[in-house]
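# Close look at the chain arrangement
Residue strings, one per chain:
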Amino acid sequence: MFDIVGKRLWYIVISGVVILAGIVSLATFGLKLGIEFESGSMMTVSFEEDVTEEALKNELASLDYGNAIVQSFEEEGSYLIRLPELSNEAKDDLVDGLAAGLGDIKESSFDKNVSPMVAAETGRNTFWAVFVAAIGILLYVTWAFHRMPNPFRYGTCAIIALVHDALVALGTFSLLGGLLGWEIDLMFVTGVLAVVGYSVNDTVVIFDRIRENLTRYTRADFRTVVNNSLVETLSRSMNTSLTTLFVVLALQLFVGESIQNFAVVLIIGVITGTYSSLCVAPQLLVAWEKGELARFFRWLPRRGGRQ
Amino acid sequence: MPRRNTQIFILVLIVFILAGLVVLPFDDGIWLRRGIRLGLDLQGGTHIVYQVDLSSVEPGQEASTVAGVMGVLDNRINPMGVTEPVIQKRGGDRITVELPGRDISDKEKERLSRVVMLEFGELASENETARWENERGRWKPATAIINGEEKALTSQYFEENTYVRQGEMGGVELIFEWDKEGSELSEEITGRLIGQPMAIFEGDEALRGEEGQPYAPVVQSTIVDVGQITGLSFDDATSLSQQLNAGRLPAPLTIIDDEIISPILGEKFVEMSLQAGLIGIILVMLFMIIYYRLSGLLASLALVFYGLLVMALFKLIPVTLTLAGIGGFVLSIGMAVDANILIFERVKEELRAGRTLGAAIEAGFNRAWAAIRDSNVTTFIICGILYWLGSSIVASAPVKGFALTFFIGVAISMFTAIIVTRTLLRLFVGTSLAQRTWLFSPRLGRK
């Protein structure tokens, strides 16, 4: 029989380090907002010759505007391009560049300052929505485990796992933004919502097994019951994350760049979600039961005082 | 038990066929002549550019006026049942509106840009100048003096809670309520005009009833708080009421560009993600069959059933699919098999404990139920809160879209993973196939 619970300190330390790194990255780099969330410029162009949407996108990418959003009008060869805010010179250069690469431009119009496509509040609103949802989860899980001693702990640990997973996703994207220039978009927002949904679901299944085993083996030690529950549900945890990963990987491989943010957030989320439901939520439960959390919090100020 | 199971099986089969008739083909439907609705990001739509007329706006107020116009446009688009429109300010005095769908009628576009300011008029005497003239007479704005200031009675004093109802005589009534200042004005004016007609104008035109006659009822009694406009056609009354509630446009708009535009995510996105989704589902099925053998095969059948039912619901409700919605759907596919995995793992445990196959299946389903229930209820809570917040307090369309499809997906998967899989499995218990335990778990077979 594996002893998963025995190494609980290690898991919590690993999670702590990863999250701390994420928070440091968020504090230094922040999140790089995509073109949808920020005001920018808008350009309509129509070419003398037929130009495909793909050719235009490639040309924009080669002119360093790979993040531009291109839409075509029904009229052949005429396009709407959403760009980061451009100065008049940059705009002239862009028009010249497009003309050089794709042939003469029949008509073009330019608006220097265009408000964001998606209201800037969307990100903040999503945060609040998730926050309220987390409170709902806390209440429900506490209620669902009300026959257990200390039901509130189950709810709290489930929420910690949820926040853990969301923070890892945010931290990773902040790092990717700072180092590789990845921008967050609506795909990212959707992905974070999905991670939250996945995380809680996974944790609750494991808690449920703990509940069942606690009522069945009333004499066993809490630590042993939690460990056995984790071992018993291990193949289910792995299989469920595998099946979810299959779908997400298929999306990443066959749809490609346009869905990349969503796929990457979910891949990170499925991995951390599985990890947190095995190695964070139940381990915190054991640490709490054994009084280790209380000892840890007493230890903290003493450490702080000595420095 | 077996007879009841057969009945359930037949029922499941009927639902399956009905769902198939609704869904196939994707862009049309044998039954409902309706394809799956797609949002602006997936399907493209109508791109309208409005010019805001700022000529009568005080200098310095331009930016806030345009922002006000955008807010009103947003309010007006909402009741059209349109998902995730894009409204952008373009330069100083233009607004771009993108709406999903190609079939937005000219009438709807006009309604969006209507100022919606109703002015009440009374008959002008011969020596007075008339503001309006029509077959019912010459009219001037109905005014009264409040606190020493002469004010005209207009819809700017309406509370934003107008509604339309079918009156006792069968006519359509638009009910409105005056705010405090409006009540005083109305009391003054209607008290003065008892026995005389009053008309309502929008811009230069009189409001007209169902038969096209100008609206000019005779005032019967003093109107203080609540008034009504009768005789409009139901359609006109409803759109007028919605627009009154959405607020008055602070400046007039004219359409300067109106075109059909391609989806934000590119033409091939839907096709590619459908293909990717299909490949993903096939991978999941292969995994389930290899790992869980016969049960896995049955779970895969249930998964096909799941996909079909979800699509059918998307068409029936109808759900407008956007990127966020697809996100919810994809995640729910991954989780759809979760219930089955939970059950099958449970069945294996019971088989290892030495139960017969039939007993193990029943025990597996019963024991796994609590976990399935609790994990799915938490998912429903998340969806419920996200949907509610996404449509009201912290309005955010992607949050709402995600919550809706995720909810549908998880709800249907509960049905297919439990009822459908169990019914199929029970059909096999009692046949000679059930003797071969390797069909259910490779390791057990080898023992």
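Residues numbered from 1 in each chain as written. Chains lettered and ligands numbered in written order. Predicted model: local features only at pLDDT ≥ 70, side-chain atom pairs only at ≥ 80, totals over all residues.

The next point concerns the overall build of chain B. Per the secondary structure count, chain B includes 11 helices and 14 strands. By the compact-globule yardstick of 22 Å for 447 residues, chain B is too spread out, its C-alpha radius of gyration being 31 Å. Projected onto its principal axes, the C-alpha coordinates of chain B cover approximately 110 × 50 × 40 Å. Sorting the 447 residues of chain B into buried and exposed places 41% on the buried side. Long-range contacts, defined as pairs at least 24 residues apart, comprise 69% of the intrachain contacts of chain B with a sequence gap of at least 6. (Helix = DSSP H or I, 4+ residues; strand = E, 2+ residues; numbered from the N terminus. Rg over C-alpha atoms; globule rule 2.2 N^0.38 Å. Buried ≥ 20, exposed ≤ 12 C-beta atoms within 10 Å, placed from the backbone. Contact = placed C-beta atoms within 7 Å.)

Turning to the overall build of chain A, a few remarks are in order. A tally of helices and strands in chain A yields 10 helices and 4 strands. Reading chain A from its N end, one meets helices and strands in the order α-β-α-β-β-α-β-α-α-α-α-α-α-α. Since a compact globule built from 307 residues should have a radius of gyration of about 19 Å, the 25 Å found for chain A marks it as more spread out than a globular shape. When its C-alpha atoms are laid out on the principal axes, chain A stretches across 85 × 45 × 30 Å. Within chain A, residue pairs in contact and separated by at least 24 positions form 78% of the contacts whose partners lie at least 6 positions apart.

Next up on the list: the sheet that holds strand 11 (residues 198-202) of chain B. Residue and element names in this part refer to chain B. The strand order across the open sheet formed by 5 strands is 5-6-4-11-12, and the pairing between neighbours is antiparallel. Strands at the two margins of the open sheet, each flanked by one partner only, are strand 5 (132-134) and strand 12 (205-206). Pairing between strand 4 (residues 118-123) and strand 6 (residues 137-141): 3 bridges, direction antiparallel. The partner of Gly 121 across the bridge, within strand 6, is Pro 141. (Pairing = 2+ DSSP bridges.)

Contacts between the two partners involve 57 residues from chain B, matched on the other side by 58 residues from chain A. Of all the secondary structure elements, the ones that give two or more residues to the side of chain B that touches chain A are strand 2 (86-90), strand 14 (253-261), helix 7 (269-316), helix 8 (323-352), helix 9 (357-391) and helix 10 (397-428) of chain B. Per-class residue counts for the side of chain B that touches chain A are 36 nonpolar, 14 polar and 7 charged. (Nonpolar A, V, L, I, M, F, W, Y, C, P; charged D, E, K, R; others polar.)

Now for the domain arrangement of chain A. Assigned domains of chain A: these are domain 1 (5-34 + 119-306) and domain 2 (40-114). Here the C-alpha centre of domain 2 of chain A lies 43 Å away from the C-alpha centre of domain 1 of chain A. (Domains from an automatic or database assignment.)

Our next topic: the nonpolar core. Side chains of a nonpolar character, in soluble globular proteins, are inclined to be buried together. The biggest cluster of nonpolar side chains holds 199 residues, and the ones touching the most others in it are Ala158(A) and Leu386(B). In terms of residue count, the dominant contributor to this core is helix 7 of chain B (19 residues). Contacts of Leu386(B), omitting those with residues within four sequence positions, involve Ala129(A), Ala133(A), Leu193(A), Val399(B), Phe402(B) and Ala403(B). (Core = buried A, V, L, I, M, F, W, Y, C linked by C-beta atoms within 7 Å.)

Considered domain by domain, chain B is made up of domain 1 (2-39 + 265-446), domain 2 (45-114) and domain 3 (118-248). Of note, the centres of domain 1 of chain B and domain 3 of chain B, computed from C-alpha atoms alone, are 56 Å apart.

All names here are of chain B. The predicted model of chain B has a mean per-residue pLDDT of 81, with 91% of residues at 70 or higher. When pLDDT is averaged over each helix and strand of chain B, the minimum, 50, is found for helix 11 (residues 442-446) and the maximum, 88, for strand 1 (residues 45-52). With a pTM of 0.78, the predicted complex shows an ipTM of 0.83. (pLDDT = per-residue confidence, 0-100.)

On to the environment of Arg8(A), then. Residues and elements named next belong to chain A. Considering the arrangement of structural elements, one finds Arg 8 in helix 1 (residues 8-28). Taking C-alpha positions, Arg 8 is 7.0 Å from Cys 279, a pair spaced 271 residues apart along the chain. Residues contacting Arg 8, with those up to four places away along its chain left out, are Gln 283, Val 286 and Ala 287.

A separate point is helix 6 (residues 186-216) of chain A. A rise of 1.5 Å per residue sets the reference length of helix 6 of chain A, with its 31 residues, at 45 Å; its end C-alpha atoms lie 46 Å apart and thus fit the reference within 8%. With 26 of 31 residues buried, helix 6 of chain A lies mostly within the body of the structure. (Expected span 1.5 Å × (residues − 1).)

Among the secondary structure elements, Glu271(B) is positioned in helix 7. Separated by 229 residues in the primary sequence, Glu271(B) and Leu42(B) place their C-alpha atoms 9.9 Å from one another.

When pLDDT is averaged across chain A, the result is 87; 97% of the residues are at 70 or more. Looking over chain A, one finds the lowest element-wise mean pLDDT in helix 10 (residues 292-306) of chain A, namely 70, and the highest in helix 5 (residues 151-180) of chain A, namely 93.

Before going further, it helps to spend a moment on the sheet that holds strand 13 (residues 226-230) of chain B. Residue and element names in this part refer to chain B. Strand order across the open sheet formed by 3 strands is 9-10-13, with antiparallel pairing between neighbours. The open sheet has two free edges, formed respectively by strand 9 (163-166) and strand 13, since each of these has just one partner strand. Averaged over all adjacent pairs, the angle separating strand axes in this sheet is 30°, with direction ignored. As paired strands, strand 10 (residues 172-177) and strand 13 are joined by 5 bridges and run antiparallel to one another. Considered in strand 13, the bridge of Glu 173 is made with Thr 230. Helix 6 (residues 234-246) rests against strand 9 and strand 10 of the sheet, and its axis sits at about 20° to strand 10. (Axes fitted to C-alpha atoms, helices over the stretch in contact; angles between N-to-C directions.)

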